[in-house]
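Notes for the structure review
Residues per chain are reported as follows:
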Amino acid sequence: MIIIDGRASDLRIENFANLEEILVEAHTECTKEQRIVTDVLLNNEPFSEIYPHQAEDIECGEIRSVEISTMPLGEMALNITDELFKVTRIMEDGSARSAEFFRRGDDQQGLELFQDLIDVTRDFMSMVGVLRHDFISVNEPEFDVLVEKVSALLGEMTEVLESEDWILLADLLEFEFMSVCGSWNKVLEKLRSDISNTLARA
């Protein structure tokens, strides 16, 4: 049996070769209704892939039941926006701690934290960009300015990293990058408001 949001679905396990085919079809159906899959129970046990396309390896003969939970896309977007506020704090904290390591001469720790910071920043920028594209139909000058600032700072910090000028890198992190991270909160508030307005009109 395939259950979606507590209701028996028209989808039948025997019509598919494996779990991945079931999930792809369910995702297609949910997308039409502006919903997104959040949780999957396989044979009454939580399922999430340990490796890419693991679901393809689970043949339908092994499947007794699939229960899928979904959430409206807009609601998910609001939840993600709330999480992004936490990410800006993580970015600010990471900038401060990385700068502190560099100033103390602990370059290895500083570099490890700096790399984590860069990865988090790229993921953050990507997610904000997706939300903006899906929920804001007009140009937001503040968004564009911040994107340019972040891009410029990342480029500058990369050059400084190559020259191994740790004190200058610490200065950029502490006095410029932290400030830009904090500035994102105003944009996120606007983004959250726009998403809420979009949902209210739906």
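Residues numbered from 1 in each chain as written. Predicted model: local features only at pLDDT ≥ 70, side-chain atom pairs only at ≥ 80, totals over all residues. Heavy atoms only, no water.

Moving on to the sheet that holds strand 2 (residues 7-8). In spatial order, the strands read 2-1-5-3-4; together these five strands make up an open sheet with mixed pairing. In this open sheet, the two strands that pair with only one neighbour each are strand 2 and strand 4 (45-46). Along the sheet face, helix 1 (residues 19-32) touches strand 1 (2-4), strand 3 (35-42) and strand 5 (66-72) and points at about 150° away from the line of strand 3. Where helix 2 (residues 73-104) meets the sheet, it contacts strand 3 and strand 5, and its direction lies at approximately 75° from that of strand 5. (Pairing = 2+ DSSP bridges. Helix = DSSP H or I, 4+ residues; strand = E, 2+ residues; numbered from the N terminus. Contact = heavy atoms within 4.5 Å. Axes fitted to C-alpha atoms, helices over the stretch in contact; angles between N-to-C directions.)

Attention now goes to helix 1. Its 14 residues give helix 1 an end-to-end C-alpha distance of 20 Å, which sits within 8% of 20 Å, the value for a rise of 1.5 Å per residue. Among the residues making up helix 1, those that are buried are L19, E20, I22, A26 and C30. Projection of helix 1 onto a plane perpendicular to its axis shows the buried side chains occupying an angular sector of 155°, all on one side. The secondary structure elements touched by the buried residues of helix 1 are strand 1, strand 3 and strand 5. The backbone nitrogen of E20 has a side-chain oxygen 3.1 Å away, supplied by the residue at the start of helix 1, namely N18. One or two steps after helix 1, the chain reaches Q34, where phi turns positive at roughly 60°. (Expected span 1.5 Å × (residues − 1). Buried < 20%, exposed > 50% of the residue type's maximum accessible area, 1.4 Å probe, protein only. Arc of directions from axis to C-beta. Polar contact = N/O pair within 3.5 Å; in protein donor to acceptor, adjacent residues only side chain to side chain.)

Another aspect to go through is the pairing of strand 3. One ladder, built from seven bridges, connects strand 3 with strand 5; its direction is antiparallel. Bridging across to strand 5, R35 finds its partner in P72. Here two bridges tie strand 3 to strand 4, and the two strands are oriented antiparallel to one another. For L41, the partnering residue across the bridge sits in strand 4 and is P46. In textbook terms, the turn of a hairpin is the stretch between consecutive antiparallel strands, and for strand 3 and strand 4 this stretch comprises two residues, one of which, N43, has a positive phi near 50°.

Looking now at a negative patch on the surface. A contiguous patch of negative charge on the surface is contributed by E21, E49, E56, D57, E59 and E62. Structurally, E49 can be placed in the loop between strand 4 and strand 5. Since its relative accessible area comes to 39%, E49 is described here as partly exposed. (Patch = residues over 30% accessible without salt bridge, like charges linked within 9 Å, V, L, I, M, F, W, Y side chains within 5 Å. Areas by Shrake-Rupley, 256 points an atom, 1.4 Å probe, with all protein chains shown as cover. Salt bridge = Lys/Arg side-chain N within 4 Å of Asp/Glu carboxyl O. Lys, Arg positive; Asp, Glu negative; His and termini not counted. Charge placed at Lys NZ, Arg CZ, Asp CG, Glu CD.)

Here helix 2 crosses helix 5 (residues 166-201) at 170°, and the two axes come no closer than 9 Å. Here helix 2 is positioned roughly antiparallel relative to helix 5, judged by the angle of their axes. In terms of residue class, the contact of helix 2 with helix 5 is made up of 22 nonpolar, eight polar and eight charged. (Parallel < 35°, antiparallel > 145°, perpendicular 65-115°, else oblique. Nonpolar A, V, L, I, M, F, W, Y, C, P; charged D, E, K, R; others polar.)

Here we take up the environment of M91. Structurally, M91 is set in helix 2. Distance in space between the C-alpha atoms of M91 and I58 is 39 Å, their sequence separation being 33 residues. Excluding its chain neighbours within four sequence positions, the residues that come into contact with M91 are L117, V120, T121, F124 and C181.

A few words on the confidence of the model for the protein chain. Per-residue confidence for the protein chain gives a mean pLDDT of 88, with 97% of residues at or over 70. Taking the mean pLDDT of every element in the protein chain, the minimum, 87, falls on helix 5 and the maximum, 94, on strand 4. (pLDDT = per-residue confidence, 0-100.)

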